[in-house]
Amino acid sequence: MSAQILDGKALASKIKGELAIRVTELKSRGITPGLGTVLVGDDPGSHSYVGGKHRDCHEIGINSIRVDLPDSASEADVMAAIKDLNSSKECTGYIVQLPLPKGINTQRVLEAIDPSKDADGLHPMNLGRLVSGYDAPLPCTPHGIVELLTHYGISTKGAEVTVIGRGLTVGRPLGLLLTRKQENATVTLTHTGTKDLTMHTKNADIIVAAIGQAHFLKASMIKPGAVVIDVGISRTDKGLLGDVDPSVMDVASWVAPMPGGVGPMTRAMLVKNVVDACG
Ligand SMILES: Nc1nc2c(c(=O)[nH]1)N[C@@H](CN(C=O)c1ccc(C(=O)N[C@@H](CCC(=O)O)C(=O)O)cc1)CN2
């Protein structure tokens, strides 16, 4: 039997429809949310994601401000763009698209963002608020994963969740989110230093693969009925491939596929953060 699909594209579309109604109401009170993006360099994936973010803004009726810098941009150039967005009235929230080109310090850049305009929830102060259990904008991909599971009635309470990959945008904040009281999962965050990965994936009720290695997670690595979330994207000569091997479809109960699973939810959670920050 083939796994059922966690359809992130459909859910993201529903969420954006609801946000559009809230935006109309905000505008009637004289408030127009505006998302800024800072994109450095010419990575085709990053260009495509940023393009999608601006289309989402247009779709739900909010302003968007796009700052594109060349690959040759210095850290000072990025800091100047951040300074402008921190003081811009039109921009109520913004993101710096990651990864940044080599030579630009990601930590320094993220720390320069005004935390009250941090639409990605990746500023250390907002991550710290998440650790402390205070209100904060939630990092978009982890939030999208939790919303997707909730929508399909997949409880994380008491679940064993194995996350593959400890990156800043997915693995680390997802661990924080899923171990909050309301999610109440037991999370194993695995990485390149993990000795026996298959032991952890075989034990998991829910597996999140976020390493960007094409078809890495095989059917033989999961237990029957597990829920599998594919986050990774590899651009190959065979096209875009996720971290999850197609064989997993025969063993899992539910799969969030790539494309059409977590990616569209990431974008929907970003515009939600921008609208939420406006009231
Ligand atoms: N500042 C940030 N940088 C990055 C983040 C982030 O949340 N904030 N996440 C990723 C990239 N990302 C958003 O920025 C992103 C990735 C993938 C998708 C998406 O819709 N994917 C499609 C497939 C890809 C395609 O069709 O081109 C899908 O899964 O259906 C959206 C956003 C790293 N950087």
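Residues numbered from 1 in each chain as written. Predicted model: local features only at pLDDT ≥ 70, side-chain atom pairs only at ≥ 80, totals over all residues. Heavy atoms only, no water.

Draft legend 1. Spotlight on the domain arrangement of the chain. Parsing the chain into structural domains produces domain 1 (31–114) and domain 2 (140–263). Put simply, the middle of domain 1 and the middle of domain 2, counted by C-alpha atoms, are 27 Å apart. Listed as interface residues are 4 residues of domain 1 and, on the opposing side, 4 residues of domain 2. Sorting the residues of domain 1 by area buried against domain 2 places Gly45, Tyr49 and Leu98 first, and these three jointly supply 66% of that buried surface. The tally of links from domain 1 across to domain 2 stands at 0 salt bridges. Counting every contact that joins domain 1 to domain 2 gives 1 residue pair in polar contact (both at pLDDT 80 or more). (Domains from an automatic or database assignment. Contact = heavy atoms within 4.5 Å. Buried area = accessible area lost by both parts, 1.4 Å probe. Salt bridge = Lys/Arg side-chain N within 4 Å of Asp/Glu carboxyl O. Polar contact = N/O pair within 3.5 Å; in protein donor to acceptor, adjacent residues only side chain to side chain.)

Draft legend 2. Representation of the nonpolar core within the structure. If you look at the biggest cluster of nonpolar residues, it comprises 46 residues, and the most contacted ones within it are Leu6, Ile145 and Ile229. Looking at which element gives the most residues to this core, the answer is helix H9 (residues 262–276), with 8 residues. Excluding its chain neighbours within four sequence positions, the residues that come into contact with isoleucine 145 are Val170, Leu174, Val208, Ile229, Val231 and Val262. (Core = buried A, V, L, I, M, F, W, Y, C linked by side-chain atoms within 4.5 Å. Buried < 20%, exposed > 50% of the residue type's maximum accessible area, 1.4 Å probe, protein only. Helix = DSSP H or I, 4+ residues; strand = E, 2+ residues; numbered from the N terminus.)

Draft legend 3. Quick peek at the pairing of strand E4 (residues 93–96). The alternating pattern of E4 places Gly93 and Ile95 on one face and Tyr94 and Val96 on the opposite face, and all of these are buried. Relative to E4, strand E2 (residues 34–40) runs parallel, the two being bridged by 4 bridges. Opposite leucine 35, over in E4, you have glycine 93 as the bridge partner. (Pairing = 2+ DSSP bridges.)

Draft legend 4. Layout of the packing of helix H5 (residues 124–132) against helix H7 (residues 171–178). The geometry of H5 relative to H7 is characterised by a closest axis approach of 9 Å and an angle of 30 degrees between their N-to-C directions. One way to sum up the angle between H5 and H7 is to call them roughly parallel. At the point where H5 passes H7, the crossing takes the left-handed sense. From H5, Leu127, Leu130 and Val131 reach across to H7, where they touch Pro173, Leu176 and Leu177. Class assignment for the residues of the contact of H5 with H7 results in 6 nonpolar, no polar and no charged. (Axes fitted to C-alpha atoms, helices over the stretch in contact; angles between N-to-C directions. Parallel < 35°, antiparallel > 145°, perpendicular 65-115°, else oblique. Left-handed = near helix turned anticlockwise from the far one by under 90°. Nonpolar A, V, L, I, M, F, W, Y, C, P; charged D, E, K, R; others polar.)

Draft legend 5. Examining the site of the ligand more closely. Surveying the vicinity of the ligand reveals 18 residues, the closest of which are Lys53, Val96, Leu98, Asp120 and Gly260. The side chain of lysine 53 places a nitrogen or oxygen atom 2.6 Å from an oxygen atom of the ligand. Contact distances for the ligand include 2.8 Å between a nitrogen atom and a backbone N or O atom of leucine 98. Relative to its unbound accessible surface of 680 Å², the ligand loses 82% to contact with the protein. Counting only elements with at least two residues in the shell around the ligand, the list comes to helix H2 (44–60) and H9. For the shell around the ligand, the element with the highest residue contribution is H9, accounting for 4 residues. (Near = heavy atom within 4 Å. Areas by Shrake-Rupley, 256 points an atom, 1.4 Å probe, with all protein chains shown as cover.)

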